[in-house]
Each structure stands twice: as C-alpha cells, then as structure tokens.
Amino acid sequence: MKKVVLITGAFSGIGKATAKRFLKEGHIVYAIDFRAKSDKDLEKLGGKTLYTDVRNDKQVKSAVKKLIKEQGRIDVLVNNAGYAQYGSLEDVTMDQARAQLETNTFAYARLIKEVLPHMRKQKSGHIINVTSTAGRAAAGIITWYNASKFALEGLLDALRQEVSDLGINVVMIEPGFIKTDLYRVAWQHLGKVKVTRPYRKLTNALKTDFVKRAKRSPTGEVIANAIYKASRSNNPKTRYVLPMDGKMFMFLKWIMPDKWLDKIFRMMFKV
C-alpha cells in the first residue's frame, strides 16, 4: 500500500535523500522546507513540495491541512529540519539559544501536535525523528545543540509512552557524523558568535576535527535507508544509531564514567 509521508527539511541533505527513497518505492511524499519555494528535483520524481517554515504555527497547520485534504490520511511523519548552533554557553547569546531550541525541539513538537489527531483517528502511524548522538553524549562548544537534542529525546521518550496504545510508533534516528550541509551552516552560525579568549582554543580545535570527520563520513542516504526501514516495520526499534562512529560514541557513553568521557573528547580535539 502506498503510504502518505510528510518530510521536513526535505530540500537538502538527509531530508532530500529520504524523500527520494520514499518516492523511489512508490509512496506519496509531501516535502516541506523554508529554504526555497519548491524543489524541482523532487517534483520531477513525483513529490509534492511546499514552502513551510516549521517555526511558524500557521504555515505548519496549512501544510498538514493541505496534505489531509488531498490524501485523507498521513502514515509517516519524518521530522528532520534543524541546524547546529555552535559556541560555548558563555559566548552564545540567549536569542541564539532560543532560536536553536525553537527549530530543533519546538518545531518537532509543533509538527507532531498537528499530525497526532489524524494518526489517532486512523489508529496507525509512524512518527520518525532525526535526533543525534549529540542528544545522548555531550561535547563542549556544541552546548546549545546538545541541549536542543537532549530535550528532544526526552520529549520523544515521553511521547512514546503516551501513544503506545494508539497504534502509533515513535522512532528516533540518531546520526553520528554524516556528510551534509549541517556543518557548513554551523560554521556560518558560529561566525556570528563572539568567541572569548578562554574558549578560542577548544572552539578552533573542534572545528578542525569536525571538518575532517565530516569529509570522510557517509552521505545522507545511510540515514534515509534507516528511516525507510523503520517506516516499514510494525514494531520498529525506538532508536537507530548509525553510522559506526555514532555506535562507538554510544558505547563509550554506556561503559565510561562521565569524567573519563570528558577527557576522551578533549583528546579527540587535541586540547
């Protein structure tokens, strides 16, 4: 059966790879993003694209209303839109911090609140969320990104319990390093942060390390495959961690005391 799928942040990176995967398999895809009015590549494949800012209540309501009016149901929500605000706690302004949480946490909740009534009525649905290994293992200088993803994971763990008897699956996809635009955009946001002297060495070391790791990382198709796999399962895992570096971080988080893990992160950044 063709599934009706809504994907956020769908015009690039993981979102676009996911949209292409669902379209390739013959599903009905609504791809939304705020970076452009539409995406010709996805439209050529049969996708329905729509400009939508996930931080805007009215635009999100309009997008879901349009989907339901045209299709009568929604089977899969893929929450993917987000960005990374890097910088130390002291250096990042509170306005920048609020913007990070608005996009990476509240926007996910906003989409979920809109689709839940329809999934409850259907007694079925998959809510698949791209979180991060940074939502379970923190590193200095990506402080507010960590905070947004930690908050998101807590929200989704609670949501999973709330809807467990309603036929709705809640899934977290936890990527480690993936070759996407996330890092380029992160450096742009970091460029707007006034880095104070005590944090310059760690900030520069993190950027150097992340650039190297991102270049040798797999592309978004790896995550798209995991999302598609989860959407096909009647009993998906609560968390999918990948690629291998992500699995390694989670293993270290599990076996090591916090202070040991702190030292390992600093050794990675050579500070």
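Structure: above.
Residues numbered from 1 in each chain as written. Predicted model: local features only at pLDDT ≥ 70, side-chain atom pairs only at ≥ 80, totals over all residues. Heavy atoms only, no water.

### Comments concerning the overall build of the chain
Put simply, the rule is: Elements are defined by DSSP. Helices are runs of H or I of four residues or more, strands are runs of E of two residues or more, and each kind is numbered from the N terminus. Throughout, exposure labels follow a simple rule: accessible area from a 1.4 Å probe, protein chains only, divided by the maximum for the residue type, with under 20% read as buried, over 50% as exposed, and the rest as partly exposed. We call two residues in contact whenever any of their non-hydrogen atoms come within 4.5 Å of each other. For every accessible area listed, the method is Shrake-Rupley and the probe measures 1.4 Å; residues are considered covered only by the protein chains on display. Neither His nor the chain ends contribute to the count of charged residues, in which Lys and Arg are positive and Asp and Glu negative. For the purpose of locating charges, the reference atoms are NZ of Lys, CZ of Arg, CG of Asp and CD of Glu.
Counting its secondary structure elements, the chain contains 10 helices and 7 strands. Overall size of the chain, expressed as C-alpha extent along the three principal axes, is 55 × 40 × 30 Å. Looking at the chain as a whole, 52% of its 271 residues are labelled buried. For the chain, contacts bridging at least 24 residues in sequence account for 70% of all contacts bridging at least 6. Approximately 13700 Å² of the chain is accessible, and the part contributed by carbon and sulfur atoms is 55%. Charged side chains of the chain number 49 positive and 25 negative; the gap between the two group centres comes to 3 Å.

### Quick look at the side chain of Glu114
Rule in force here: Nitrogen and oxygen atoms within 3.5 Å of one another constitute a polar contact, given that in protein one can donate a hydrogen and the other can accept it, and given that sequence-neighbouring residues count only through two side-chain atoms.
By the element assignment, Glu114 lies in helix α4 (residues 94–122). Overall, Glu114 belongs to the buried group, its relative accessible area being 18%. In terms of polar contacts, Glu114 uses its side chain to reach the side chain of Lys61, at 2.9 Å. Among residues more than four places away in sequence, those in contact with Glu114 are Val60, Lys61 and Val64.

### Focus on the pattern of salt bridges
Keep this limit in mind: In the sections that follow, a salt bridge refers to a side-chain nitrogen of Lys or Arg positioned within 4 Å of a carboxyl oxygen of Asp or Glu.
Summed over the entire model, instances satisfying the criterion amount to 20 salt bridges. We note a salt bridge from Asp75 to Arg73, for which the minimum N-O separation is 2.7 Å. Look at Asp75 and you get buried, because its relative accessible area is 6%. The class of Arg73 is partly exposed, set by a relative accessible area of 27%. In this structure, Arg136 engages Glu174 in a salt bridge whose closest nitrogen and oxygen atoms are separated by 2.7 Å. Placement of Arg136 in the loop between β5 (125–130) and α5 (143–162) and of Glu174 in strand β6 (residues 168–175) is noted, with a sequence separation of 38 residues between them. Take Arg136: its relative accessible area is 29%, and that puts it in the partly exposed class.

### A word on unusual backbone geometry
Comment: phi is negative for the bulk of residues other than glycine, and the bulk of peptide bonds are trans. The residue after Leu242, namely Pro243, is reached through a cis peptide bond having omega -5°. You can see Pro243 is positioned in the loop between β7 (239–242) and α9 (244–255). Phi is positive for Lys123, close to 60°, though the residue is something other than glycine. Along the chain, Lys123 falls in the loop between α4 and β5. One non-glycine residue, Ile141, adopts positive backbone phi at about 80°. Position of Ile141 relative to the elements: it lies in the loop between β5 and α5. We classify Ile141 as buried; its relative accessible area is 3%.

### Description of the layout of surface pockets
The condition that has to hold: Points on a 1 Å grid over protein atoms alone make up a cavity when a 1.4 Å probe fits among them but cannot get out, and a pocket when they form an open set with protein on both sides within 12 Å along at least five of seven lines; lining residues each have an atom within 4 Å of a point. Grid points are joined across faces, edges and corners, and a volume is the space filled by probe spheres set on the points. Residue polarity is assigned by list, with Asp, Glu, Lys and Arg as charged and Ala, Val, Leu, Ile, Met, Phe, Trp, Tyr, Cys and Pro as nonpolar; anything else, Gly included, falls into the polar class.
Approximately 980 Å³ is the volume attributed to the largest pocket. In terms of lining, the largest pocket is formed by 49 residues, of which the most central are Gly82, Tyr83, Tyr145, Thr180 and Leu182. Contributing elements (two or more residues each) for the lining of the largest pocket: α1 (13–24), β2 (28–33), α4, α5, α6 (182–190) and α10 (258–268). Take the lining of the largest pocket: its biggest share by element is 5 residues, from α6. Partitioning the lining of the largest pocket into residue classes produces 25 nonpolar, 16 polar and 8 charged.

### Some words on the packing of α6 against helix α7 (residues 197–215)
Under the convention used in this document: Under this scheme, a helix contributes an axis fitted over its contacting stretch, all axes are lines through C-alpha atoms, and angles between N-to-C directions fall in the 0 to 180 degree range. Should an angle fall under 35 degrees it is taken as roughly parallel, and over 145 as roughly antiparallel, whereas 65 to 115 is taken as roughly perpendicular and any remaining angle as oblique. Each helix crossing is assigned a hand: it is left-handed if the near helix lies turned anticlockwise from the far helix by less than a right angle, otherwise right-handed if that turn is clockwise.
In the contact formed by α6 and α7, the axes pass within 11 Å of each other and the chain directions differ by 165°. Regarding the angle of α6 to α7, the classification is roughly antiparallel. Here the hand of the crossing between α6 and α7 comes out left-handed. For the pair α6 and α7, the contacting residues are Tyr183, Trp187 and Leu190 in the first and Thr203, Leu206, Lys207, Phe210, Val211 and Ala214 in the second. Class assignment of the residues belonging to the contact of α6 with α7 gives a composition of 7 nonpolar, 1 polar and 1 charged.

### So, the nonpolar core
Here is the rule: Each nonpolar core is a collection of buried residues, namely Ala, Val, Leu, Ile, Met, Phe, Trp, Tyr and Cys, held together in the definition by side-chain atoms within 4.5 Å.
One finds Leu6, Ile173 and Ile227 to be the most contacted residues of the largest nonpolar core, which totals 53 residues. The greatest single-element share of this core, amounting to 7 residues, is contributed by α4. Those residues in contact with Leu6 that lie beyond four places of it in its chain are Tyr30, Ile32, Val64, Leu67, Ile74, Val76, Leu77, Val78 and Leu111.

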